[in-house]
Amino acid sequence: VFAKVTYTAENSLPVGKNTGKDALQKALLAIERMYSYDEMLKKERYHFGEQNYGAILSINVLHLENDSEGKTVSCTFEIDRRYTAGETLESVKAEMQEILDGLRSENSDMEYELEITFEDIMMDVDEGCDCIRAAEYALESVFKKNITFLRRCSGGRCRVGIIKL
(Lines give C-alpha, C1' and ligand atoms only; values in the text may rest on other atoms or scores of the structure.)
Protein backbone atom coordinates (compact mmCIF):
# COMPACT_ATOMS: atom_id res chain seq x y z
CA VAL A 1 0.00 0.00 0.00
CA PHE A 2 1.42 3.39 -0.95
CA ALA A 3 -0.05 6.42 0.79
CA LYS A 4 0.55 10.15 1.10
CA VAL A 5 -0.03 11.89 4.43
CA THR A 6 -0.26 15.68 4.49
CA TYR A 7 -0.20 18.02 7.47
CA THR A 8 -0.80 21.76 7.20
CA ALA A 9 -0.29 24.76 9.48
CA GLU A 10 -1.51 28.32 9.57
CA ASN A 11 0.58 30.96 7.83
CA SER A 12 3.00 32.83 10.07
CA LEU A 13 1.57 35.20 12.62
CA PRO A 14 3.38 38.36 13.71
CA VAL A 15 6.70 37.61 15.41
CA GLY A 16 6.28 36.29 18.95
CA LYS A 17 2.61 35.34 18.50
CA ASN A 18 3.10 32.11 16.58
CA THR A 19 2.84 29.31 19.14
CA GLY A 20 1.43 26.43 17.10
CA LYS A 21 3.31 23.58 15.45
CA ASP A 22 4.31 24.04 11.86
CA ALA A 23 3.46 21.33 9.33
CA LEU A 24 6.90 19.70 9.50
CA GLN A 25 6.71 19.39 13.30
CA LYS A 26 3.33 17.68 12.94
CA ALA A 27 4.58 15.35 10.21
CA LEU A 28 7.65 14.41 12.27
CA LEU A 29 5.40 13.31 15.14
CA ALA A 30 3.43 11.13 12.72
CA ILE A 31 6.59 9.74 11.12
CA GLU A 32 7.95 8.85 14.57
CA ARG A 33 4.75 6.90 15.28
CA MET A 34 4.96 5.18 11.90
CA TYR A 35 8.52 4.06 12.63
CA SER A 36 7.38 2.67 16.01
CA TYR A 37 4.67 0.80 14.10
CA ASP A 38 7.35 -0.53 11.73
CA GLU A 39 9.37 -1.84 14.69
CA MET A 40 6.28 -3.73 15.88
CA LEU A 41 5.77 -5.13 12.37
CA LYS A 42 9.35 -6.40 12.24
CA LYS A 43 8.99 -8.12 15.62
CA GLU A 44 5.56 -9.63 15.07
CA ARG A 45 5.02 -10.02 11.33
CA TYR A 46 8.40 -10.39 9.64
CA HIS A 47 10.03 -13.76 9.04
CA PHE A 48 13.81 -14.01 9.00
CA GLY A 49 15.72 -16.96 7.66
CA GLU A 50 16.70 -18.34 4.27
CA GLN A 51 13.69 -16.54 2.84
CA ASN A 52 13.19 -13.14 4.48
CA TYR A 53 9.69 -11.79 4.01
CA GLY A 54 6.91 -10.08 5.86
CA ALA A 55 5.26 -6.84 6.81
CA ILE A 56 7.39 -3.68 6.72
CA LEU A 57 6.94 0.05 6.36
CA SER A 58 9.17 2.77 5.00
CA ILE A 59 8.91 6.53 4.57
CA ASN A 60 10.18 7.42 1.12
CA VAL A 61 9.47 11.06 0.29
CA LEU A 62 9.18 14.23 2.34
CA HIS A 63 7.88 17.36 0.60
CA LEU A 64 7.70 20.77 2.31
CA GLU A 65 6.08 24.07 1.40
CA ASN A 66 7.02 27.24 3.27
CA ASP A 67 5.29 30.60 3.51
CA SER A 68 7.03 33.94 2.91
CA GLU A 69 8.24 33.98 6.54
CA GLY A 70 9.90 30.56 6.20
CA LYS A 71 7.32 28.64 8.24
CA THR A 72 6.49 25.18 6.91
CA VAL A 73 2.78 25.43 6.07
CA SER A 74 2.45 22.07 4.31
CA CYS A 75 4.35 18.81 4.72
CA THR A 76 3.63 15.59 2.86
CA PHE A 77 5.34 12.27 3.42
CA GLU A 78 4.87 9.04 1.54
CA ILE A 79 4.47 5.62 3.12
CA ASP A 80 5.31 2.31 1.48
CA ARG A 81 3.62 -0.37 3.61
CA ARG A 82 4.27 -3.96 2.53
CA TYR A 83 1.98 -6.60 3.94
CA THR A 84 2.09 -10.33 4.43
CA ALA A 85 -0.04 -13.43 4.93
CA GLY A 86 -2.77 -12.89 7.49
CA GLU A 87 -3.14 -9.22 6.60
CA THR A 88 -5.51 -7.60 4.11
CA LEU A 89 -5.52 -4.29 2.29
CA GLU A 90 -8.34 -3.20 4.57
CA SER A 91 -6.53 -4.16 7.79
CA VAL A 92 -3.32 -2.43 6.68
CA LYS A 93 -5.13 0.80 5.78
CA ALA A 94 -7.11 0.65 9.03
CA GLU A 95 -3.92 0.29 11.11
CA MET A 96 -2.30 3.31 9.46
CA GLN A 97 -5.51 5.33 9.90
CA GLU A 98 -5.66 4.30 13.58
CA ILE A 99 -2.13 5.62 14.19
CA LEU A 100 -2.90 8.97 12.56
CA ASP A 101 -6.29 9.25 14.29
CA GLY A 102 -4.60 8.47 17.62
CA LEU A 103 -2.27 11.43 17.16
CA ARG A 104 -5.19 13.66 16.25
CA SER A 105 -7.10 12.59 19.37
CA GLU A 106 -4.08 13.49 21.51
CA ASN A 107 -3.63 16.89 19.89
CA SER A 108 -6.45 18.71 18.12
CA ASP A 109 -4.12 20.55 15.72
CA MET A 110 -2.96 17.24 14.18
CA GLU A 111 -5.53 17.27 11.36
CA TYR A 112 -4.24 15.41 8.33
CA GLU A 113 -5.16 14.18 4.88
CA LEU A 114 -4.49 10.54 3.97
CA GLU A 115 -4.47 9.59 0.30
CA ILE A 116 -3.97 5.99 -0.80
CA THR A 117 -2.00 6.26 -4.04
CA PHE A 118 -1.49 2.56 -4.81
CA GLU A 119 -2.71 -0.75 -3.48
CA ASP A 120 -2.03 -4.25 -4.68
CA ILE A 121 -3.75 -7.50 -3.77
CA MET A 122 -1.75 -10.35 -2.29
CA MET A 123 -0.88 -13.01 -4.82
CA ASP A 124 0.17 -16.46 -3.69
CA VAL A 125 1.49 -18.91 -6.25
CA ASP A 126 1.33 -22.61 -5.40
CA GLU A 127 4.80 -24.11 -5.81
CA GLY A 128 3.25 -27.25 -7.25
CA CYS A 129 1.26 -25.56 -10.01
CA ASP A 130 1.88 -26.58 -13.62
CA CYS A 131 3.56 -23.32 -14.61
CA ILE A 132 6.08 -23.56 -11.75
CA ARG A 133 6.81 -27.23 -12.52
CA ALA A 134 7.31 -26.39 -16.22
CA ALA A 135 9.72 -23.59 -15.31
CA GLU A 136 11.57 -25.92 -12.95
CA TYR A 137 11.94 -28.53 -15.71
CA ALA A 138 13.15 -25.94 -18.23
CA LEU A 139 15.70 -24.43 -15.86
CA GLU A 140 17.05 -27.81 -14.79
CA SER A 141 17.36 -28.78 -18.46
CA VAL A 142 19.31 -25.63 -19.28
CA PHE A 143 21.56 -25.53 -16.20
CA LYS A 144 21.88 -29.30 -15.76
CA LYS A 145 21.41 -28.88 -12.00
CA ASN A 146 18.63 -29.34 -9.51
CA ILE A 147 17.07 -26.02 -8.60
CA THR A 148 15.11 -24.80 -5.62
CA PHE A 149 12.43 -22.15 -5.85
CA LEU A 150 12.44 -19.63 -3.05
CA ARG A 151 9.32 -17.83 -1.94
CA ARG A 152 9.73 -14.07 -1.54
CA CYS A 153 6.71 -12.28 -0.12
CA SER A 154 6.60 -8.54 0.21
CA GLY A 155 4.07 -5.88 -0.40
CA GLY A 156 1.23 -8.01 -1.41
CA ARG A 157 3.29 -9.90 -3.90
CA CYS A 158 4.44 -13.46 -3.33
CA ARG A 159 7.07 -14.47 -5.84
CA VAL A 160 8.07 -18.06 -6.36
CA GLY A 161 10.18 -17.11 -9.37
CA ILE A 162 13.38 -16.44 -7.44
CA ILE A 163 15.58 -19.50 -7.80
CA LYS A 164 18.61 -20.92 -6.08
CA LEU A 165 20.95 -22.88 -8.34
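Scroll up to find the structure.
Residues numbered from 1 in each chain as written. Predicted model: local features only at pLDDT ≥ 70, side-chain atom pairs only at ≥ 80, totals over all residues. Heavy atoms only, no water.

The 4 strands are arranged β4-β5-β1-β6 in an open sheet whose pairing can be described as antiparallel. Both edges of this open sheet fall to β4 (56–66) and β6 (112–118), since each of them pairs with a single strand only. When strand polarity is set aside, the average angle formed by the axes of neighbouring strands in this sheet is 20 degrees. Sheet topology note: the strand β1 (residues 2–8)/strand β5 (residues 72–82) ladder contains 7 bridges and is antiparallel. Among the inter-strand pairings, Phe2 is bridged to a residue of β5, identified as Asp80. Each of β1, β4 and β5 is contacted by helix α1 (residues 23–45), which is oriented at about 10 degrees to β5, the strand it contacts most. Here helix α2 (residues 89–106) sits on the sheet and contacts β1, β5 and β6; the angle it forms with β6, its principal contact strand, is near 165 degrees. (Pairing = 2+ DSSP bridges. Helix = DSSP H or I, 4+ residues; strand = E, 2+ residues; numbered from the N terminus. Axes fitted to C-alpha atoms, helices over the stretch in contact; angles between N-to-C directions. Contact = heavy atoms within 4.5 Å.)

Enumeration according to the criterion identifies 2 aromatic pairs in this entry. Where Phe2 meets Phe118, the ring centres are 5.4 Å apart and the plane angle is 45 degrees; that geometry is what we call tilted. With Phe2 in strand β1 and Phe118 in strand β6, this pair connects stretches of sequence that are 116 residues apart. Assessed through its relative accessible area of 34%, Phe118 is described here as partly exposed. Ring geometry for Tyr7 and Tyr112: centres 6.1 Å apart, planes at 50 degrees, overall tilted. With Tyr7 in strand β1 and Tyr112 in strand β6, this residue pair connects regions lying 105 residues apart in the sequence. Here Tyr7 and Tyr112 have matching classes, each one buried. (Phe/Tyr/Trp six-rings, centres within 6.5 Å; stacked < 30°, edge-to-face > 60°. Buried < 20%, exposed > 50% of the residue type's maximum accessible area, 1.4 Å probe, protein only.)

Turning next to α1. Compared with the 33 Å implied by 1.5 Å per residue over 23 residues, the 31 Å span of α1 between its first and last C-alpha is a close match. If you check which residues of α1 are buried, you get Ala23, Lys26, Ala27, Ala30, Ile31, Met34, Tyr37, Asp38, Leu41 and Arg45. Those residues of α1 that are buried are in contact with β1, β2 (46–47), β3 (53–54), β4, β5 and α2. Taking the backbone nitrogen of Leu24 as reference, a side-chain oxygen 3.1 Å away marks Asp22 as the first, capping residue of α1. (Expected span 1.5 Å × (residues − 1). Polar contact = N/O pair within 3.5 Å; in protein donor to acceptor, adjacent residues only side chain to side chain.)

One can find Arg45 in helix α1. Here Glu95 takes part through its side chain, which lies 2.9 Å from a polar atom of the side chain of Arg45. With residues near it in sequence (within four places) discarded, Arg45 still touches Met40, Gly54, Ala55, Arg81, Thr84, Glu87 and Glu95.

Our next topic: the pairing of β1. One ladder, built from 6 bridges, connects β1 with β6; its direction is antiparallel. Paired with Phe2 across the strands is Phe118, a residue of β6.

Within the secondary structure, Asp22 is located in the loop between β1 and α1. According to the relative accessible area criterion, Asp22 is buried, its value standing at 17%. When the C-alpha atoms of Asp22 and Ser74 are compared, they prove to be 8.0 Å apart, with 52 residues separating the residues in sequence. For Asp22, the side chain forms a polar contact with the main-chain nitrogen of Leu24, separated by 3.1 Å.

For the rest of this paragraph, the subject is the pattern of salt bridges. All chains considered together, the criterion is met by 12 salt bridges. As a salt-bridge pair, Glu87 and Arg81 come within 2.7 Å of each other at their nearest N and O atoms. Taken individually, Glu87 and Arg81 each receive the classification buried, so the pair is uniform in this respect. Among the salt bridges present, the one from Lys93 reaches Glu119, with a minimum N-O distance of 2.9 Å. Taken together, the positions of Lys93 in helix α2 and Glu119 in the loop between β6 and α3 (130–143) put the pair 26 residues apart, joining distant regions of the chain. (Salt bridge = Lys/Arg side-chain N within 4 Å of Asp/Glu carboxyl O.)

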